[in-house]
Amino acid sequence: VGHLLDALRDHPRIQGNCLTIFTCDHGGAEMSTVGESGVHLQQGFATLWEGGLRIPVVMHWPGVLQPPPSGGVVSTPAIMMDLTVTLLELAGLDNSQLDGVSLLPQIDRAIYGTNASTTKPYLPGTGGGGPMVGATGVEDSETQDRVFYWRLNLPPSAAWASGQRRAVRRGRWKYLWDGGFGYLFDLIDDPAETVNVYSRHETLARELEALSLTDW
């Protein structure tokens with residue numbers, strides 16, 4: 001990554017028109033610690049626990065992405081397919097037939113507040129590259145109840161545990177079915193998934209469980 005960024009710095013005209021995204025297609029042991037508190041996430045690669053789902057996403061675009069003093073962290077949940085939709089919108093191309101949502105509205109709200117402008121100065125043909133400022137850790141009100149689905153049906157392998165797994169996240173709540181057991185976690189208070197609150201919120205757990213069984 002460092003060599004790539006150094007090469008871009010040697011070509012300022014390209015660098016100013018280049019968004020670099022550092023990410024990964026799955027979680028794993030090397031990425032299973034969250035934040036300064038050192039929260040260790042459960043499990044890892046080829047599981048639907050947070051250690052297998054949470055991945056880093058770092059965006060770098062000099063002169064355009066300008067992080068605020070707090071560091072520019074966006075806490076609204078997203079999924080890998082959102083990056084494709086976002087990049088197509090930035091390029092001025094049609095993304096209407098794709099799954100996923102654009103992440104640009106979160107950036108708009110960080111710049112303009114609740115009265116976000118419909119004009120995006122960083123998009124092609126809209127007047128040029130005013131800086132974008134990253135949001136600061138507050139979940140977006142329009143996407144906090146978005147539902148995310150995962151399923152795994154892995155064959156026997158020495159690299160992972162075989163079997164079927166399902167997970168659904170809506171807002172702060174995540175339902176997980178793994179090893180024949182159902183779990184419900186509050187990912188805001190318990191990102192390490194240490195306390196199963198299924199029995200405390202059984203109605204909610206059964207609702208999310210039903211969603212995990214639907215076609216989506």
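These numbers were taken from a predicted model, which means no experiment stands behind them.

Draft legend 1. Focus on the overall build of the chain. A tally of regular secondary structure across the chain gives six helices and eight strands. If you list the helices and strands of the chain from N to C, you get α-α-β-β-β-α-β-α-α-β-β-β-β-α. Counting only residues that meet the buried cut, the chain has 33% of its 216 residues in that class. A sequence separation of at least 24 residues applies to 52% of the contacts in the chain between residues at least 6 apart. For the chain, the exposed area adds up to about 12600 Å²; of that, 55% sits on carbon and sulfur atoms.

Draft legend 2. Highlighting the confidence of the model for the chain. When pLDDT is averaged along the chain, the result is 79; 73% of the residues meet or exceed 70. Segment residues 115-119: pLDDT under 50, and six contacts once partners within four positions in sequence are set aside and those in other chains are kept. Contacts from residues 125-142, a stretch scored under 50 in pLDDT, to residues over four places away or in other chains number 54 contacts.

Draft legend 3. Local environment of the nonpolar core. In terms of nonpolar packing, the biggest core is built from nine residues, these being V168, W173, Y175, L184, V197, Y198, L204, A205 and L208. A per-element tally of this core places helix α6 (residues 202-212) first, with three residues. What L204 contacts, discounting residues up to four positions off in sequence, is R170, W173 and L184. By size, the runner-up hydrophobic cluster in this structure holds eight residues, among which are L53, A167, Y183 and L187.

Draft legend 4. Examining the environment of S102 more closely. Within the fold, S102 resides in the loop between α4 (80-90) and α5 (104-112). Apart from the residues lying within four places of it in its own chain, the contact partners of S102 are V85, T86 and E89. A polar contact of 2.6 Å, which involves the side chain of S102, links it to the side chain of E89.

Definitions and cut-offs
Residues numbered from 1 in each chain as written. Predicted model: local features only at pLDDT ≥ 70, side-chain atom pairs only at ≥ 80, totals over all residues. Heavy atoms only, no water. Helix = DSSP H or I, 4+ residues; strand = E, 2+ residues; numbered from the N terminus. Buried < 20%, exposed > 50% of the residue type's maximum accessible area, 1.4 Å probe, protein only. Contact = heavy atoms within 4.5 Å. Areas by Shrake-Rupley, 256 points an atom, 1.4 Å probe, with all protein chains shown as cover. pLDDT = per-residue confidence, 0-100. Core = buried A, V, L, I, M, F, W, Y, C linked by side-chain atoms within 4.5 Å. Polar contact = N/O pair within 3.5 Å; in protein donor to acceptor, adjacent residues only side chain to side chain.

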